[in-house]
Amino acid sequence: MKKQDIIFGIHAVEALLRNSPERVIELWVVQGREDERVLPLINTANQYGVSVQRSGRKVLDDKSASSQHQGIVARVKPAKVLTENDLDALLEKTEQPFLLILDGVTDPHNLGACLRNADAAGVQGIIVPKDNSVGLTATVSKVACGAAESIPLFQVTNLARTMRHIQQKGVWIIGAAGEAGCELYQADLKGPLAIAMGAEDKGLRRLTRESCDSIVSIPMAGSVSSLNVSVATGICLFEAVRQRQIKA
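Reading the values: the criteria
Residues numbered from 1 in each chain as written. Predicted model: local features only at pLDDT ≥ 70, side-chain atom pairs only at ≥ 80, totals over all residues. Heavy atoms only, no water. Pairing = 2+ DSSP bridges. Helix = DSSP H or I, 4+ residues; strand = E, 2+ residues; numbered from the N terminus. Axes fitted to C-alpha atoms, helices over the stretch in contact; angles between N-to-C directions. Contact = heavy atoms within 4.5 Å. Salt bridge = Lys/Arg side-chain N within 4 Å of Asp/Glu carboxyl O. Buried < 20%, exposed > 50% of the residue type's maximum accessible area, 1.4 Å probe, protein only. Core = buried A, V, L, I, M, F, W, Y, C linked by side-chain atoms within 4.5 Å. Arc of directions from axis to C-beta.

1. Looking at the sheet that holds strand S1 (residues 6-8)
Item 1. Read from one edge of the open sheet, four strands run S1-S4-S2-S3, paired in mixed fashion. At either end of the open sheet lies a strand with only one pairing partner, and these are S1 and strand S3 (51-55). Taken over all neighbouring pairs, the strand axes of this sheet differ in orientation by 25° on average, direction set aside.
Item 2. Sheet topology places S1 next to strand S4 (residues 72-76); three bridges connect them, and they run antiparallel. Across the sheet, Ile6 pairs through a bridge with Arg75, a residue of S4.
Item 3. This element, helix H1 (residues 10-19), spans S1, strand S2 (24-30) and S4 of the sheet and lies at about 120° to S1.
Item 4. Where helix H3 (residues 57-64) meets the sheet, it contacts S1, S2, S3 and S4, and its direction lies at approximately 140° from that of S2.

This is the structure in structure tokens:
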């Protein structure tokens, strides 16, 4: 069984049953767990005709390849891979797009945390390169606490080309880089916007950076030179949220 065919953790399974119950094939619940967090999920699964099995904790550990499953594991049909065409459809129906671009994020914990930040900030979609990106794995879904099942993730063949395309659709792209002269809090983050964040160790690749309309930095007062990508993403997204909530 492929790891990407497994979703585990209460928030992730709950979001899956709420948003895409047709994807759930089978549910395993640890023996003896009958609390108020798990019972509603079992009831929902039963309503959709999903097989629910009771198993020992070791079985769930093995199926999820993790001990962090919170007593619930689902076997699922793979999610539909969203592409450039799906992104176009989103832009057509969105008056003021608010997007996140992640360039080469390969750590599943970081991608999961970025998904969670994006969902909380009201981002309508995340764009990642098809190659050199972790994609949606079971760990990503667990860390994202349900956001992986609710926020669209678009996997594109050529990231720089996609960036130019959404610019032609009126989306302003702001990238984050530590050496940028303009600070985040000086930038205008209102209107149709995409924020581009780089990989954990290398930052934005050259072509991605050159495809941005402007580059900003997060002011750093301490001795560390950079922030974890999910932390930096949260800072940038919520500064945009703050600005976009200010009445004109």
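Next, the rest of the story.
2. Quick notes on the pattern of salt bridges
Item 1. All chains considered together, the criterion is met by ten salt bridges.
Item 2. One salt bridge in this structure joins Arg206 and Glu210, with 3.3 Å as the shortest N-O distance. Pair noted here: Arg206 and Glu210 are both in helix H8 (residues 206-211), with a separation of four residues, about one helical turn. Both residues of the pair, Arg206 and Glu210, belong to the exposed class.
Item 3. Note that Glu239 and Arg242 form a salt bridge whose closest N and O atoms lie 2.8 Å from each other.

3. A look at the nonpolar core
Item 1. In this structure, Phe98, Leu102, Leu115, Val123, Ile126 and Met197 are the most contacted members of the largest nonpolar core, which totals 34 residues.
Item 2. Of all the elements in the fold, those that place two or more residues in this core are strand S5 (98-102), helix H5 (108-121), strand S6 (125-129), helix H6 (138-144), strand S8 (172-176), strand S10 (193-197) and helix H9 (229-245).
Item 3. Beyond its immediate chain neighbours, meaning those up to four positions away, Met197 contacts Leu100, Ile101, Leu102, Asp103, Ala176, Leu204, Val229, Ala232, Thr233 and Cys236.
Item 4. Counting 20 residues, the second largest nonpolar core, distinct from the first, contains Leu91, Ile101, Ile173 and Ala177.

4. Description of helix H4 (residues 84-93)
Item 1. All buried positions along H4 are accounted for by Leu87, Leu90 and Leu91. When H4 is viewed along its axis, its buried side chains cluster within an angular range of 95° and face the same direction. Looking at H4, the residues exposed on the side facing more than 90 degrees away from the buried face are Asn85, Glu92 and Lys93.
Item 2. At its buried positions, H4 is contacted by S5, S6, strand S7 (153-156) and helix H7 (159-168).

5. Structural notes on unusual backbone geometry
Item 1. Even without a glycine there, the phi angle at Ala65 is positive, about 55°.
Item 2. Within the secondary structure, Ala65 is located in the loop between H3 and S4.
Item 3. At Gln70, a residue that is not glycine, the phi angle is positive and equals roughly 60°.
Item 4. Counting through the fold element by element, Gln70 comes out in the loop between H3 and S4.

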